[in-house]
Amino acid sequence: MSDRGAPGEAGRGAAGSRRSRSGADALRQTLFGVEFQSPVLLASGTCGYGREYDGLIPLDELGGLVTKAVSVEPRAGNPPHRIAETPAGMINAIGLHNVGLDRFISEKLPWLRDHLGRARVFVNVVGRTVDDYAEVVCRLDGEEGFLGYEINVSCPNVKGGTMFGTDEAALAELVGRLRGVTDRPIVVKLTPNVPDIGVFARLCEEEGADGLSTINTFPGMLIDVDRRRPVIGNVSGGVSGPAILPMGVYLTWRAARASSLPIMGIGGIRTARDALQYILAGASLVQVGTALFVDPASAEGVHRGLADYLERHAIPELSELVGALELPAPPAHGEEAAG
Ligand SMILES: Cc1cc2nc3c(=O)[nH]c(=O)nc-3n(C[C@H](O)[C@H](O)[C@H](O)COP(=O)(O)O)c2cc1C
């Protein structure tokens, strides 16, 4: 299932020559069997369970949100400090602190069901074993209030958090198992910490996933030089925010070339121009994360900026831009980054 256009189709001869729908209408796309009114979603771990933003931003006008990770058991997370600023973003080691499956079903999901009629909800799922993941999916599957699952195999902040995301056989087993227990959309959130993300993207497609999220945070560390101690209680954490934008765009592009699954592009997105880079690289949807902590209205800003862009360039459908990056003719530049 892909809405990705062929490279090079984007807006060719578009300016002024075609009637466009209004920019906001042009942002609508059908993916995972449903319509997304906007390509902009809120990223897991940066919007709680949705309710935290109630009254602050018009949640139901966005494309959707991805909940904080949900595990079978409640998790207390890592010791403080759990977050710190970095020169161009932040580092976090929350440690998948979450209320656990029972409370998610009884307390969090009803609010999402009652308040989000149009925005699409993905539940971010995490586990220590394949059985853990399968239990979360099986027990949630009959509930209402969400569209599908974002499978987190890429958290760098807990022991074993990237285990499934960096081991091809383990990931294949996990995705295959989950495919067997749900018909809802399964989106696998990939880690950047692998030599070739394309291998993992392809594998997810072969095992029956419906989509990919690229990317989770990069492992990093800050040191308090006066105390000679790590700033983060967990010692290391995941780096997010503007610093990771170029890596996120690159890895999204690599994943898009390796598979035909629709992609949610994530990493350092603050503006429509940031989001457009992910879209041209091959993402159909984007997620805004760290930017929300600076300005909760940034996701709406990205939505409005994309609508303006389409209107200004008379591009009738956002999907025309998906994967529409134009590359210089080979052999001048290969795929690999220059040294
Ligand atoms: C405080 C915080 C908590 C996060 N928690 C989760 C999580 O529970 N599950 C997950 O898949 N990603 C989690 N992430 C990763 C984000 O969803 C996103 O992939 C990453 O931050 C990159 O996007 P950004 O640069 O826009 O923040 C978290 C990120 C932050 C900053």
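Residues numbered from 1 in each chain as written. Predicted model: local features only at pLDDT ≥ 70, side-chain atom pairs only at ≥ 80, totals over all residues.

### Overview of the packing of helix α3 (residues 130-141) against helix α5 (residues 168-181)
Relative to each other, α3 and α5 sit at 25°, their axes nearing to 10 Å. As judged from the angle between their axes, α3 and α5 are roughly parallel. Considering only the axes of α3 and α5, their crossing is right-handed. Counted together, V130, Y133, A134, V137 and C138 of α3 and E173, L174, R177, L178 and V181 of α5 form the full contact between these two elements. By residue class, the composition of the contact of α3 with α5 is eight nonpolar, no polar and two charged. (Axes fitted to C-alpha atoms, helices over the stretch in contact; angles between N-to-C directions. Helix = DSSP H or I, 4+ residues; strand = E, 2+ residues; numbered from the N terminus. Parallel < 35°, antiparallel > 145°, perpendicular 65-115°, else oblique. Left-handed = near helix turned anticlockwise from the far one by under 90°. Contact = placed C-beta atoms within 7 Å. Nonpolar A, V, L, I, M, F, W, Y, C, P; charged D, E, K, R; others polar.)

### A few points about α3
For α3, built from twelve residues, the straight-helix expectation of 16 Å at 1.5 Å per residue is met to within 8% by its first-to-last C-alpha distance of 16 Å. Where α3 is concerned, the buried positions are Y133, V136, V137 and L140. End-on, the buried residues of α3 take up no more than an arc of 90°, which puts them together on one face. The inward-facing, buried residues of α3 abut α2 (100-115), β7 (120-125), β8 (148-152) and α5. (Expected span 1.5 Å × (residues − 1). Buried ≥ 20, exposed ≤ 12 C-beta atoms within 10 Å, placed from the backbone. Arc of directions from axis to C-beta.)

### Let's talk about the packing of helix α6 (residues 197-206) against helix α7 (residues 245-258)
Geometry of a packed helix pair, given as the angle between the helix axes and the separation of the axes. At a minimum axis distance of 8 Å, the contact between α6 and α7 shows a crossing angle of 45°. Considering their axes alone, α6 and α7 lie oblique with respect to each other. For α6 against α7, the interelement crossing comes out right-handed. Contacts between α6 and α7 involve I197, G198, A201 and R202 from the first element and L251, R254, A255, R257 and A258 from the second. Here the residues of the contact of α6 with α7 are counted per class, giving five nonpolar, one polar and three charged.

### A few points about the nonpolar core
Ranked by size, the top nonpolar core spans 96 residues in total, and within it V188, A275 and V286 carry the most contacts. Examining the composition of this core, we find that seven residues originate from one element, helix α8 (residues 272-281), more than from any other. Every residue in contact with V188, bar those within four places of it in the chain, is listed here: I151, V153, V175, C204, A209 and L212. (Core = buried A, V, L, I, M, F, W, Y, C linked by C-beta atoms within 7 Å.)

### Some words on helix α10 (residues 298-312)
Taking 1.5 Å per residue, 15 residues should reach 21 Å; α10 reaches 21 Å between its end C-alpha atoms and fits that length. Where α10 is concerned, the buried positions are S298, A299, V302, H303, L306, Y309 and L310. An end-on view of α10 places all buried positions within 150° of arc, on one side of the element. Buried residues along α10 sit in contact with α1 (23-26), β3 (40-42), α8, β16 (285-288) and α9 (291-294). Count one or two residues on from α10 and you reach A314, which has phi positive near 50°.

### Describing the confidence of the model for the protein chain
Residues with a pLDDT of 70 or more make up 91% of the protein chain, whose mean pLDDT is 92. Taken together, the stretch residues 1-17 has pLDDT below 50 and engages in 45 contacts with residues farther than four places along the chain or on a different chain. (pLDDT = per-residue confidence, 0-100.)

### Some words on the sheet that holds strand β4 (residues 64-66)
In spatial order, the strands read β3-β4-β7-β8-β9-β10-β15-β16; together these eight strands close into a barrel with parallel pairing. The sheet shows a mean angle of 25° between the axes of neighbouring strands, taken without regard to direction. In the sheet, β3 pairs with β16 via three bridges, with the strands oriented parallel. Counterpart to L42 in the pairing with β16 is V288. Along the sheet, α7 contacts β9 (186-190), β10 (211-214) and β15 (263-266); its crossing angle with β15, the most-contacted strand, is approximately 165°. (Pairing = 2+ DSSP bridges.)

### Things to note about the site of the ligand
In the vicinity of the ligand, 27 residues are found, and the nearest of them are G45, A69, S240, G289 and T290. Residue composition of the shell around the ligand, by class: eleven nonpolar, 14 polar and two charged. (Near = placed C-beta within 6 Å.)

### Some details on the sheet that holds strand β6 (residues 89-92)
A sheet is described by the order of its strands in space; here four strands give the open sequence β5-β6-β14-β11, paired in antiparallel fashion. Each of the sheet's edge strands pairs with one partner strand only, and the pair in question is β5 (83-86) and β11 (218-220). The sheet shows a mean angle of 35° between the axes of neighbouring strands, direction not considered. The pairing of β6 with strand β14 (residues 237-240) spans three bridges and is classified as antiparallel. The residue of β14 that forms the bridge with N92 is G238.

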